[in-house]
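Coordinate analysis (summary)
Letter by letter, the chains look like this.
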Amino acid sequence: MKTKWYLQLLVYTVIIMGALAFLFPFVYMILTSFIKSAYSLPRPKEIFSVVPNLDNYFLVWNKNNFARYFLNSALVTVVSMVGSMLLGCLTAYGFARFQFPGKELLFRVFLLTTMIPGVINIIPQFLIIKNLGLVSTYWGLWLIYIGGGVVGSTFFLRGFFQSIPKEYEESVLIDGGGNWRIFWNIYLPQSLPAIGTLAVLSFQGTWEEYFTALVIIKDEAMRTLPIALLMFNDKYATNYGWVFAASIIALIPTVLLYIVFQKRFVQGGFNEGGVKG
Amino acid sequence: MKFYKKISIGVMSAVLAFSLSACGGTNGGSASNGNSDKTGGNPGNTGSKKVTIEYWHTYGEQEEKVLTEQVVPKFEEEHPEIKVNLTRMPYEGLKEQVIAGVAGDAAPDLMRMDIIWVPEFAKMGALQDVSKMDGFEEVKSSVFKAPMETNYFNNGYYGVPLNTNTKIAIYNKALLEKVGLKEAPKTMDEFVAASKKAMEQGAKGAIGISGPHVWGASPYFWSLGGALTNEDYTEVEGYLNGPESVKALETIVQWGKEGLIIPTMLGGEPGVWDGLKNNEYFMIDDGPWFFSTLMNEENANFNIEDTVWTQMPEGIGGSRSVVGGENLVIFANSKHPAEAWTFAKWLITEEPQKILAKAGLIPTNQKAANDPSVLKEPYMTEYVKQLETALPRTPIPQYGEMETIVNLAIEKAVRGESEPKAALDEAAKNIESILNK
Amino acid sequence: MSIPLASQPQAGKKPPTATRMKKGLKQWMAVLPFIFLGVLGTAVFVVYPMIRNIFISFQDYSIMPNAENPFVGFENYVSAFTDPNNKVLMAIRNTILNVIVTVPINWLLAIVFAVLINLHFVKYKLVFRTVYYLPIITSWIVVAFLFRFLFAGGEYGLINFIFYKVLGIFPEPVNFLSNYWTAMVVIWLFHIWKTVGWGVVIYLAGLQGISKEYYEAAQIDGASGIRQFWNITVPMLAPVTAFVIINLVNGAFNFFPQVYFITRGGPMDQTQTLPSLMYMQAFKNFNFGYASAVAVMMGITVFLVTYTQMKKFGNQKML
């Protein structure tokens, strides 16, 4: 069967229009990042006729400690991503495969927490970190990011873990392996796409996290990238060329990570996997 | 179990290795600062050990350069026993950071804080009363009175004025010539008449109210005879909504209806500076940072010579502007209040104030402010003069909430959603209810 | 679902308590190594702060260490509804509007784009999926910068430039962020642009699970493409749709960066949502008790609204 050419054309028109609607703002942002004007709103005509150059990128990279904050963010994000994955997998495995009294209650409490906005929790979280003596350390950030992210990753992964047929376990059980072996040899390899997806989401959630980082980190040298981004939004006036050059640098790692993983991307709620905060 | 241990140890050590190497790589110098701070923080260590004090500020780029390259080294040279650790805070989300710092006993020793925040934080108990500190009277007599008073709360002073500012009227020279004026208008009537002419000549805006809020509108509101409170800042009812205030707001609303006010007020474009620079706005008002930024701009096609600046136009309330600026406060949980006070006192002496003035920061120290080297920037004299008649925003702990309410009233009136009188009546009522809480 | 049955041994004959305790304990010992850290982390950094907030909502709370924080009963709750400017009511209204406006649009766009991309003759499916998903992985702060920039007032913001200067559809440049409705529209567009890709990707996955045979049968019956869409695709995707809608509703309830980074609640505090309102009340005006009271009320409402559906679909993830 062959679809009529005009129907094909119509369908292509619609989805290409859709794609343009998503792509065009990025293009406009990239074009703006080439503009060298001072603190004023660039005119669309200037933007469309700009000559691509990397001047703003070099300038921004060396300004406001941007390069250092970029590396700081990389450290914070990678560690908390690894931690989140580990904890998420373990917890999801526990909930997916074991029966134990109070499981339903515990699960409902988890569920409840996903529905209350997290913005208000910053102060109590901060006080806990302070009592642990971890203010202005990355350990403080890691604890909040990992501890606060468990629920999301558990929900995300549990579904995948539950769909793994029980028969797979038998070979391990026959070999005399226990729960850990099943976890390591069956559940993890079987759910790699899900874990990879979650890793990307977790990376993104931490990479862009702003409110908690602002409150926990007091040392200027230890700040993370989103803070640097907002530092470009000056008190008196905004230089759009700089702001967007900085934004694009900040976007590159997530986009790269996504493109690498995207073939095997699986789905979950868009509120999950990221950091609640 | 064994298996789990293996994984977790593996991960942990990987994590550790990574974090250690990366910390070493990225933090370098500051890590040692942090350590020396901790040792200095032990109460046992006094005397010989060098004390590090934490100072949070929000200086802009130009200003920060002066601070780190000239001011602080000079202080550390004169006071070798004290080291000042500077942290530039993002303006965005600053209050959250201060709150978290205060709540978690993690605030710095000192902070440069917007003058209107001081009573609010003082009431919370977050700041130290410096009026009992050694040498306070001397400090008090060396600075201007109005900025000093912004630190007053509950029979004490909770900070010292670090720099002050206000806004003056800045005209676009080309447009001024277009309406046939050699000099900027002095009185409100002349100003309004010239504005109307400028609009006829094709200007996009003439009266430079930057937004429907106290900071933007109060110079005009006060110059037209309006008031926020009585003189002791204790009563609002009958002042904010008194006949003079209503008349003043009505005049502003009328300007808006006639299209005289720059579109920026209600969120339109061009921005204030853009409009002036593109010869689209007849007049704007702004602080000294306008000039210091303008003069530092490279290859700009609009220069300081293209502007004419003067006092705010004089109405029945006089030529009024609004006092801004920053105070230096010491936090209640500072670990080194004595050293912090030493630094605070030093910062408002003549020399450092003169250095900071180079970055466009108006000294609060009277001697520094009148020093020829400071006044040599052409615009500086105009600001110092305007400061004599400028008014502070209400220095009360509830000001933050009060301002939200006043802003709302102004915005409702200029948008035509409410009659000026009704808007001010409602605002006065709401403010009274906060004050009486 | 396995969960509701989990802790209930066969109804009817209950084993003696001691045996049950022993069994329970044994089960716990088995599962504990896996969930211990996760549960601990959640308890400390999520559950405890929430409980603490419930306490704070009954206090006249000051954040100073060693402050007294007297209990004031329901005062914070009462003041949330007796506020002369009706801030809370306004925020509730906006929250409801956000759900009503964005959920249907988001859903329709997601399913239409997904179905079209999934059509057999469309090439480069992966490219389309990637492009549609790009906004999802872009940081909220950056997208907010971008939208503020695109929707800048005056004739030089791109949207005004196109619709006023080039096309002449707007009679004058619109100051989007300074009027209530236009600001709301920007917030909605921002949200939809940022999140549609998620729905598209979910539906694409769901569509791949529908057997081609249904369509072939329909084709033989002579059903048109649109009929096939309504009679086969939509019903077959019902579980996916339920999952998508629950997530969209939950997302629309929780507008925070959308408001915080775009309008700050302005003009005149009219575009606040409950999360943004509580954040600003807490951190700008130090009204922690009030903010916590709003948070508690909101939590209860969202819980009641979505709980029943969540129970049905929430743990049903598709592959």
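Residues numbered from 1 in each chain as written. Chains lettered and ligands numbered in written order. Predicted model: local features only at pLDDT ≥ 70, side-chain atom pairs only at ≥ 80, totals over all residues.

1. Observations concerning the overall build of chain B
The line we're drawing: Only runs of H or I of at least four residues qualify as helices and only runs of E of at least two qualify as strands under DSSP, and these elements are numbered from the N terminus. Counts of 20 or more other C-beta atoms within 10 Å of a residue's own C-beta define buried residues, counts of 12 or fewer define exposed ones, and intermediate counts define partly exposed ones; C-beta atoms are placed from the backbone. The contact criterion used here is simple: two residues whose C-beta atoms, placed from the backbone, lie within 7 Å are in contact.
Regarding its fold elements, chain B presents 19 helices and 11 strands. By residue count, 49% of the 437 residues in chain B fall in the buried class. In chain B, of all internal contacts separated by at least 6 residues, the share reaching a separation of at least 24 is 75%.

2. A short note on the overall build of chain C
On a plain count of helices and strands, chain C comes out with 14 helices and zero strands. Counting from the amino terminus, chain C carries its helices and strands in the arrangement α-α-α-α-α-α-α-α-α-α-α-α-α-α. For the C-alpha atoms alone, the extent of chain C along its principal axes is close to 70 × 55 × 30 Å. With 319 residues in all, chain C has 46% of them scored as buried.

3. A closer look at unusual backbone geometry
A positive phi angle, near 65 degrees, is found at serine 136 of chain A, a position not held by glycine. Here serine 136 of chain A is to be found in the loop between helix H6 (122–131) and helix H7 (138–162). Of the residues examined, serine 136 of chain A has 15 C-beta atoms within 10 Å and is grouped as partly exposed. In the Ramachandran plot, asparagine 279 of chain B falls in the positive-phi region, its phi being about 55 degrees despite a non-glycine side chain. Assignment of secondary structure puts asparagine 279 of chain B in the loop between helix H11 (272–277) and strand E8 (283–286). Accessibility expressed as a C-beta count within 10 Å gives 17 for asparagine 279 of chain B, which makes it partly exposed.

4. Some words on the domain arrangement of chain B
All names here are of chain B. Just so we agree on the cut-off: Residue ranges assigned to the domains are those given by an automatic or database domain assignment. For this classification, the nonpolar set comprises Ala, Val, Leu, Ile, Met, Phe, Trp, Tyr, Cys and Pro, the charged set comprises Asp, Glu, Lys and Arg, and every other residue, Gly included, is treated as polar.
Its domain assignment divides chain B into domain 1 (52–165 + 324–387) and domain 2 (168–322 + 398–435). For domain 1 and domain 2, the distance between their C-alpha centres works out to 28 Å. Every element with two or more residues in the side of domain 1 that touches domain 2 is listed here: helix H4 (118–124) and helix H17 (380–389). Residue contributions to the side of domain 1 that touches domain 2 peak at four residues, all from H17. Of the residues assigned to the side of domain 1 that touches domain 2, the class counts are six nonpolar, five polar and three charged.

5. Overview of the interface of chain C and chain A
Counting residues at the interface gives 84 residues for chain C, matched by 81 residues for chain A. At 21 residues, helix H2 (residues 17–56) of chain C tops the list of elements feeding residues into the side of chain C that touches chain A.

6. Quick word on the interface of chain C and chain B
With 19 residues of chain C at the contact, the number on the chain B side is 21 residues. Partitioned by chemical class, the residues of the side of chain C that touches chain B number 11 nonpolar, seven polar and one charged.

7. Focus: the environment of alanine 248 of chain B
Residues and elements named next belong to chain B. Within the secondary structure, alanine 248 is located in helix H10 (residues 243–257). Classification of alanine 248 as buried rests on a count of 26 C-beta atoms within 10 Å. Residues alanine 248 and phenylalanine 221 lie 27 residues apart in sequence; the distance between their C-alpha atoms is 5.5 Å. Those residues in contact with alanine 248, other than ones at most four positions away along the chain, are Phe221, Leu224, Gly225 and Gly226.

8. So, the packing of helix H4 (residues 66–97) of chain A against H7 of chain A
Residues and elements named next belong to chain A. Rules: Think of each axis as a best-fit line through the C-alpha atoms, taken over the contacting stretch in the case of a helix, with angles from 0 to 180 degrees between the N-to-C directions. To sort the angles, those under 35 degrees are grouped as roughly parallel, those over 145 as roughly antiparallel, those from 65 to 115 as roughly perpendicular, and the leftovers as oblique. The crossing is said to be left-handed when, going from far helix to near helix, the turn is anticlockwise and less than a right angle, and right-handed when the turn is clockwise.
Running from amino to carboxyl end, H4 crosses H7 at an angle of 40 degrees, the nearest separation of the two axes being 6 Å. Our classification of the angle between H4 and H7 gives oblique. Helix-helix and strand crossings are classified by hand; for H4 and H7 the assignment is right-handed. Of the residues assigned to the contact of H4 with H7, the class counts are 17 nonpolar, nine polar and two charged.

9. Quick word on the sheet that holds strand E6 (residues 160–165) of chain B
All names here are of chain B. What counts, and what does not: Note: two strands are recorded as paired if DSSP finds a minimum of 2 bridges between them.
Taken in spatial order, the six strands line up as E2-E1-E3-E10-E6-E11 in an open sheet, and their pairing is mixed. Each edge of the open sheet carries a strand with a single partner, namely strand E2 (82–88) and strand E11 (362–363). Of the strand pairs in this sheet, E6 and E11 are connected by two bridges, and their pairing is antiparallel. Pairing of threonine 164 across the sheet is with isoleucine 362, part of E11. Strand contacts of helix H13 (residues 337–347): strand E1 (51–57), E2, strand E3 (110–114), E6 and strand E10 (324–330), with the helix running at about 150 degrees to E10, the strand carrying the most contacts.

10. A short note on the confidence of the model for chain B
Spelled out, the test is: pLDDT measures the predictor's confidence residue by residue and takes values from 0 up to 100.
Per-chain confidence: chain B averages 84 in pLDDT, with 89% of residues scoring 70 or above. Considering only residues more than four positions removed or in separate chains, one finds that residues 1–47 of chain B, a stretch of pLDDT under 50, has 34 contacts.

11. A short note on the domain arrangement of chain C
In terms of domain boundaries, chain C breaks down into domain 1 (3–56) and domain 2 (77–314). Taking only C-alpha atoms, the centre of domain 1 of chain C and the centre of domain 2 of chain C are 36 Å apart.

12. Side note on the packing of helix H18 (residues 399–414) of chain B against helix H19 (residues 420–435) of chain B
Packed helices, taken two at a time, are described by the angle between their axes plus the distance between the axes. All names here are of chain B. At a minimum axis distance of 9 Å, the contact between H18 and H19 shows a crossing angle of 170 degrees. By the angle class used here, H18 and H19 are roughly antiparallel. Along its contact with H18, which presents Glu401, Met402, Ile405, Val406, Leu408, Ala409, Lys412 and Ala413, the element H19 presents Pro420, Ala423, Leu424, Glu426, Ala427, Asn430, Ile431 and Ile434. Of the residues belonging to the contact of H18 with H19, the class tally is 12 nonpolar, one polar and three charged.

13. What to know about the confidence of the model for chain C
Residues and elements named next belong to chain C. Looking at chain C, pLDDT values average 82 and 91% of them are 70 or higher. Element-level mean pLDDT values for chain C span from 37 in helix H1 (residues 3–6) up to 91 in helix H4 (residues 87–118). In the model, residues 1–11 has pLDDT below 50 throughout and makes 13 contacts with residues more than four positions away in sequence or in other chains. For the stretch residues 314–319, pLDDT sits under 50, and the model shows 19 contacts to residues farther than four places along the chain or on other chains. Scoring the predicted complex yields pTM 0.81 and, for the interface, ipTM 0.82.

14. Digging into the nonpolar core
Put simply, the rule is: Only buried Ala, Val, Leu, Ile, Met, Phe, Trp, Tyr and Cys residues enter a nonpolar core, and they are joined through C-beta atoms within 7 Å.
Within the largest apolar cluster, 294 residues are counted, with the highest numbers of intra-cluster contacts made by Ala246 of chain A, Leu110, Val329 and Ala427 of chain B together with Met278 and Val294 of chain C. Not counting residues within four places of it along the chain, the set of residues in contact with alanine 427 of chain B comprises Leu240, Ile405, Val406, Leu408 and Ala409 of chain B.

15. A word on helix H8 (residues 188–200) of chain B
All names here are of chain B. To keep things clear, this is the line we draw: Here, expected helix span is obtained from the residue count minus one, scaled by 1.5 Å.
With 13 residues, H8 should cover 18 Å at 1.5 Å per step; its first-to-last C-alpha distance of 18 Å lies within 8% of that length. The elements touched by buried residues of H8 are helix H7 (173–178) and helix H9 (214–223). Immediately downstream of H8, the backbone of glycine 202 shows phi near 100 degrees, a positive value.

16. Remarks on the pairing of E1 of chain B
Residues and elements named next belong to chain B. Filter applied, for reference: Clockwise travel from the first strand over the helix to the second, with the strands pointing away from the viewer, marks a crossover as right-handed.
Of all seven residues that make up E1, six are buried, and the element is covered over most of its length. Sheet topology note: the E1/E2 ladder contains seven bridges and is parallel. Residue pairing in the sheet places tryptophan 56 in a bridge with threonine 87 of E2. As a crossover connection, the stretch from E1 through helix H2 (residues 61–78) into E2 is right-handed.

17. Overview of helix H14 (residues 350–357) of chain B
Working note: α-helix, 3.6 residues per turn, so residues spaced by three or four point in the same direction. Among the residues of H14 of chain B, Pro352, Gln353, Ile355, Leu356 and Ala357 of chain B are the ones counted as buried. In the core, the buried residues of H14 of chain B are packed alongside H2, E6, H13, E11, helix H15 (366–369) and helix H16 (372–375) of chain B.

18. Quick notes on the sheet that holds strand E9 (residues 307–310) of chain B
All names here are of chain B. One open sheet holds the three strands; their spatial order is E8-E7-E9, and the pairing between them is antiparallel. Edge strands, defined here as strands with exactly one partner in the open sheet, are E8 and E9. Going from strand to strand, the sheet's axes swing by 30 degrees on average, the running direction of each strand aside. Across four bridges, the pairing between strand E7 (residues 168–172) and E8 is antiparallel. Of the residues in E8, the one forming a bridge with tyrosine 171 is methionine 283.

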